[in-house]
Amino acid sequence: MASDPGAEPDAEDAAEAEEGVYEEVMPCDRMELSQRLAVEELITTEASYVHNIQLCVSDIRAHLQKKQLPDLDLEGLFSNTDDILHMSRRFLKGLEDTTAATHEHEQLFCISTLFQEFKEEMETTYKIYCASYEHALLLVESYRKDPRLQEEILDTLNATVPHTGASDLSFFLVMPVQRVTKYPLLLGKILENTPPDSSVYSALEAAVRAMAQVNANINEYKRRKEVATKYNKAEHLSLRDRFARLNTHSIAKKTTRLSRLFMHEAGIVAKTQDKEYDDLEEKFQCVVSTVATLKENVASYLGHLEAFLLPTPHQHELQISEGPAQQYRRFAEHLHCTVFPEFKQRLDKLVCQPLCSLSDMLVGPQQLVKKRLDKLLDYEEIQERKSEMGSVTYDEEAAMNTYLAINALLVAELPRFNQAALQLLGQILRSFSALQWDLAAEVLHQAEKELEQMPHGRMPLPSFWKMVEDTLQQSGAQLHAFQQTFETVTPSPVTQPLNPAEERKVLSLVSKHGPDKLYQVTSNISGSRDLDLTLQRGQIVALLQSVDTKGNTNRWLVDAGGPRGFVPAGKLQPYCPAQSQQPGMQMLTLESGTERRRHSYASPAAPRPQVPTFTPTYQVVAGFSFAARSPQEVTLQAGQPVVVLEPHDKKGNKEWSLVEVNGQRGYVPSSYLVTVPVQEPTGWSLPV
């Protein structure tokens, strides 16, 4: 059989063409294979990651919680792993759903879209965890140094996840940090094995950029948090420690800031305007002021509640078997022993503790706001220098970046912080209102139960008030009759003149202010505030001003014959000396005073020179009971009128006074005697 000479060249050409096609197809197959493997790696590693986070939350943390170790900070260790687990489960479900796509290109497009949809949630969730990751590592390191805690942690790991071979919690804590940084790498690997002319190439490229941006934003947030952590701690330094921190650099820096602030206030240089931040800071300062005011009001409320509970009528036995008095005693006992203690306990739990926690939460942001102002002044100064010189030093550049980081962090975080603080504040106020409502309802319920048992409990209100008025009128008439009887049978008091020192003080007040300005103290006054006076009953003072510095007309400024200060207006009454003594008010001289002192203790029958004097009506009574211990002393009963013969003993000691009581003379302690005024020369009334 003859062969065709042209057949051989055609066979050779066909072989060469087939070899070229094979070489073109093989790289394409390898890219598709690598792409498929990269997608499988993304899904399988995500499933493994979710499984490990599930172990971390459900097994390890739950096992440690059951141990109830007081020194173990589980919240600091695991941060927001619950949020990460919840988000990762949904993300894994979306990845697994992409495997149902009929074409690989459709699956890749779904994966790209899924990453775009979870971009913001991933950033929000992972940045919280990554910002607290360093703190978690510090906790792990501190637990390694505690043998007891380390043994408990190892026992938990061996009991829950023995197959992992983990010897430390850091094995699981690092997983979220590693996972979020691996997303751009996995997507990049898929993108590398996708032809540029593919329809899904741009979508994958956008997903890679999105995940890279997420990681960049997390790193920036972490840097800002580190700056904030450095400056938001409130330092309680003594004056010595503050002086120890002063050096040439710090003094120069503070001086520059102060001069810059003065130039702002004077309008020499313009302030850096940031309307967004200014609005946020104004709201924040309003929250701070509101919390401080509410805290003061709640503390004052608790103080008033304590004062209200001081009287304890239920602790006193009444010689009454039954009746309204016993009913009130039972009602008061129930309030003091049951109602108010429960109310106070709930108030502390639902109002006081959350309010104190909210107040503590405000300290860090307050420090950061103050530090932002300092860094802003530095920033403006450096910016001005940079515009003049064209460049700045490395430290100055770092200072500018610090301001920008603090400002960006506050702008990002203050809205959420203000919102959370207002929500908590509203919850506290609602709790306080609910507690007040419950207290009123409980008290009213108990009161109604007791009223039903009282004889007048079902009486109509007009009839009840008529009965009250009649009872009060009857009681008033009985009291008036008793008063008249008491004044009739009570002997007239012994009128005691002023001693020379008191006379001189009263005359000095008259000469300075006039007799119409004199007032008498009706009861003892104990000064409790600055500029308040402490006075005894019966003292004479001169009115200087019938209002205090705040416009309060119930607090008067008086002259007590030396010291000046404020006293309650309700404890003063106009001073009116006896009419027979008033014409001689201005006639008393030093000689007449000396003469009267020379004869002030003579016997009643001895003649006395008739010298017109200004003698207010006083009497001396025993303030306390005194039992005589020797023949030279005399026994006193509290409230008994006495006549002072000598305001000292024979040696001139003013701690003892010679007095006459019921015809008996003897010495008594001077501190047991009280000088009280007599408002009517012929009458006597009970001391107020």
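Quick notes on the rules
Residues numbered from 1 in each chain as written. Predicted model: local features only at pLDDT ≥ 70, side-chain atom pairs only at ≥ 80, totals over all residues. Heavy atoms only, no water. Helix = DSSP H or I, 4+ residues; strand = E, 2+ residues; numbered from the N terminus. Buried < 20%, exposed > 50% of the residue type's maximum accessible area, 1.4 Å probe, protein only. Contact = heavy atoms within 4.5 Å. Areas by Shrake-Rupley, 256 points an atom, 1.4 Å probe, with all protein chains shown as cover. Lys, Arg positive; Asp, Glu negative; His and termini not counted. Salt bridge = Lys/Arg side-chain N within 4 Å of Asp/Glu carboxyl O. Axes fitted to C-alpha atoms, helices over the stretch in contact; angles between N-to-C directions. Parallel < 35°, antiparallel > 145°, perpendicular 65-115°, else oblique. Left-handed = near helix turned anticlockwise from the far one by under 90°. Nonpolar A, V, L, I, M, F, W, Y, C, P; charged D, E, K, R; others polar. Disulfide = S-S within 2.5 Å. Phe/Tyr/Trp six-rings, centres within 6.5 Å; stacked < 30°, edge-to-face > 60°. Patch = residues over 30% accessible without salt bridge, like charges linked within 9 Å, V, L, I, M, F, W, Y side chains within 5 Å. Pairing = 2+ DSSP bridges. Core = buried A, V, L, I, M, F, W, Y, C linked by side-chain atoms within 4.5 Å. Expected span 1.5 Å × (residues − 1).

Examining the overall build of the protein chain
The number of helices and strands found in the protein chain is 18 helices and ten strands. Of all 688 residues assigned to the protein chain, the portion counted as buried reaches 34%. Expressed as a percentage of contacts within the protein chain between residues at least 6 apart in sequence, the contacts between residues at least 24 apart total 69%. A total accessible area of about 42100 Å² is found for the protein chain, and carbon and sulfur atoms account for 55% of it.

Comments concerning the side chain of Asp274
Note that Asp274 resides in the loop between helix H11 (248-266) and helix H12 (275-308). It turns out Asp274 is buried and unbridged, and the closest side chain with the opposite charge, Arg372, is 4.0 Å from it. Sequence-distant contacts of Asp274, that is, excluding residues within four places in its chain, are made with Arg372 and Asn407.

Brief notes about the packing of H12 against helix H15 (residues 394-453)
A pair of packed helices is characterised by two quantities: the angle between their axes and the separation of those axes. Interhelical geometry of H12 versus H15 gives an angle of 25° and a closest axis separation of 9 Å. Judged by the angle between their axes, H12 and H15 are roughly parallel. Helix-helix and strand crossings are classified by hand; for H12 and H15 the assignment is left-handed. Of the residues in the contact of H12 with H15, the class split is 19 nonpolar, four polar and three charged.

Some details on the state of the cysteines
Taken as a whole and judged by the stated rule, the model has zero disulfides. Of all cysteine sulfurs in the structure, the one in Cys356 sits closest to Cys352, which takes part in no disulfide; the separation is 6.5 Å.

Side note on the pattern of salt bridges
Scanning the entire structure with this criterion turns up 25 salt bridges. The closest approach of N and O atoms between Lys67 and Asp155, which form a salt bridge, is 3.1 Å. A residue pair is termed long-range when its members are at least 10 positions apart, and Lys67 in helix H1 (residues 7-67) and Asp155 in helix H6 (residues 147-160) qualify at 88 residues. Measuring nitrogen to oxygen at the nearest pair gives 3.4 Å for the salt bridge that ties Arg346 to Asp438.

Quick word on the packing of aromatic side chains
Within a pair of aromatic rings, the relevant descriptors are the distance that separates the centres and the angle that separates the planes. Under the criterion given, the structure shown has 16 aromatic pairs. Ring centres of Phe91 and Phe118 lie 5.3 Å apart, and the angle between their planes is 70°; this geometry places the pair in the edge-to-face category. Of this pair, Phe91 sits in helix H3 (residues 81-98) while Phe118 sits in the loop between helix H4 (104-117) and helix H5 (119-144), and the two are 27 residues apart along the sequence. Among the residues examined, Phe91 registers a relative accessible area of 0% and is labelled buried. Relative accessible area serves as the criterion here: at 9%, Phe118 is assigned to the buried category. Centre to centre, the rings of Tyr379 and Tyr403 are 4.7 Å apart; their planes meet at 35°, and the pair counts as tilted. Placement of Tyr379 in helix H14 (residues 363-389) and of Tyr403 in helix H15 is noted, with a sequence separation of 24 residues between them.

Here's the deal with the side chain of Thr98
Tracing the chain through its elements places Thr98 in helix H3. In contact with Thr98, other than residues within four places in its own chain, are Ile43, Gln107, Cys110 and Ile111.

Here's the deal with a nonpolar patch on the surface
A contiguous nonpolar surface patch, about 310 Å² in accessible area, is contributed by Leu479, Phe482 and Phe486. Relative to the helices and strands, Phe482 resides in helix H16 (residues 461-489).

A word on the packing of H12 against H14
For the pair H12 and H14, interaxial distance at closest approach is 12 Å and the crossing angle is 140°. When the axes of H12 and H14 are compared, the pair comes out oblique. Helix-helix and strand crossings are classified by hand; for H12 and H14 the assignment is left-handed. Residue-level contacts link Tyr277, Glu281, Phe284, Gln285 and Val288 of H12 to Pro365, Gln366, Val369 and Arg372 of H14.

Digging into the pairing of strand S3 (residues 555-559)
In the case of a regular strand, side chains alternate between the two sheet surfaces. Across the five residues that make up S3, a large majority, four, are buried. Two elements, S3 and strand S4 (residues 564-568), share five bridges in a ladder whose sense is antiparallel. From the neighbouring strand, Arg555 faces S4, where its bridge partner is Pro568. Where S3 hands over to S4, the hairpin turn is made up of four residues, of which Gly561 adopts a positive phi near 80°.

Focus on the pairing of strand S1 (residues 518-521)
A two-sided burial pattern is seen for S1, the buried positions comprising Leu518 and Gln520 on one face and Tyr519 and Val521 on the other. In this sheet, strand S2 (residues 540-545) lies alongside S1 in antiparallel orientation, the contact comprising three bridges. Residue pairing for S2: Tyr519 is matched across the bridge by Val541. Two strands pair when backbone bridges link them, and S1 and strand S5 (residues 572-574) are joined in this way by three bridges, in the antiparallel orientation. In the sheet register, Gln520 faces S5, and the bridge partner there is Gln573.

Looking at the nonpolar core
Grouped together as the largest cluster of nonpolar side chains are 60 residues, with contacts concentrated most on Leu77, Phe115, Tyr126 and Leu173. With twelve residues, the single largest contributor to this core is H1. In terms of nonpolar packing, the next biggest core, distinct from the first, is built from 38 residues, Val227, Ala228, Leu280 and Cys352 among them.

Details of H14
Taking 1.5 Å of rise per residue, the 27 residues of H14 would be expected to cover 39 Å, and the 39 Å separating its terminal C-alpha atoms lies within 8% of that figure. Three or more residues of H14 are buried, namely Gly364, Pro365, Leu368, Val369, Arg372, Lys375, Leu376, Leu377, Asp378, Tyr379, Glu380 and Ile382. Downstream of H14 by one or two residues, Gly390 has phi in the positive range, about 90°.

As for unusual backbone geometry
Positioned with a positive phi, Gln68 is a non-glycine residue whose angle comes to about 50°. Checked against the element boundaries, Gln68 lands in the loop between H1 and helix H2 (74-78). Relative accessible area serves as the criterion here: at 69%, Gln68 is assigned to the exposed category. Phi at Ser79 is positive, roughly 50°, even though this residue is not glycine. For Ser79, the location among the structural elements is in the loop between H2 and H3. What makes Ser79 partly exposed here is its relative accessible area of 24%.

Concerning the sheet that holds S4
Pairing is antiparallel in the open sheet, where five strands are placed in the order S4-S3-S2-S1-S5. A single partner strand is all that each edge strand has here, and the edge strands are S4 and S5. Taking each pair of neighbouring strands and ignoring which way they run, the sheet shows an average axis angle of 50°. In this sheet, S3 lies alongside S2 in antiparallel orientation, the contact comprising three bridges. Paired with Ala542 across the two strands is Asp559, which belongs to S3. Along the sheet, helix H17 (residues 500-513) makes contact with S1, S2, S3 and S4, crossing S2 at roughly 25°.

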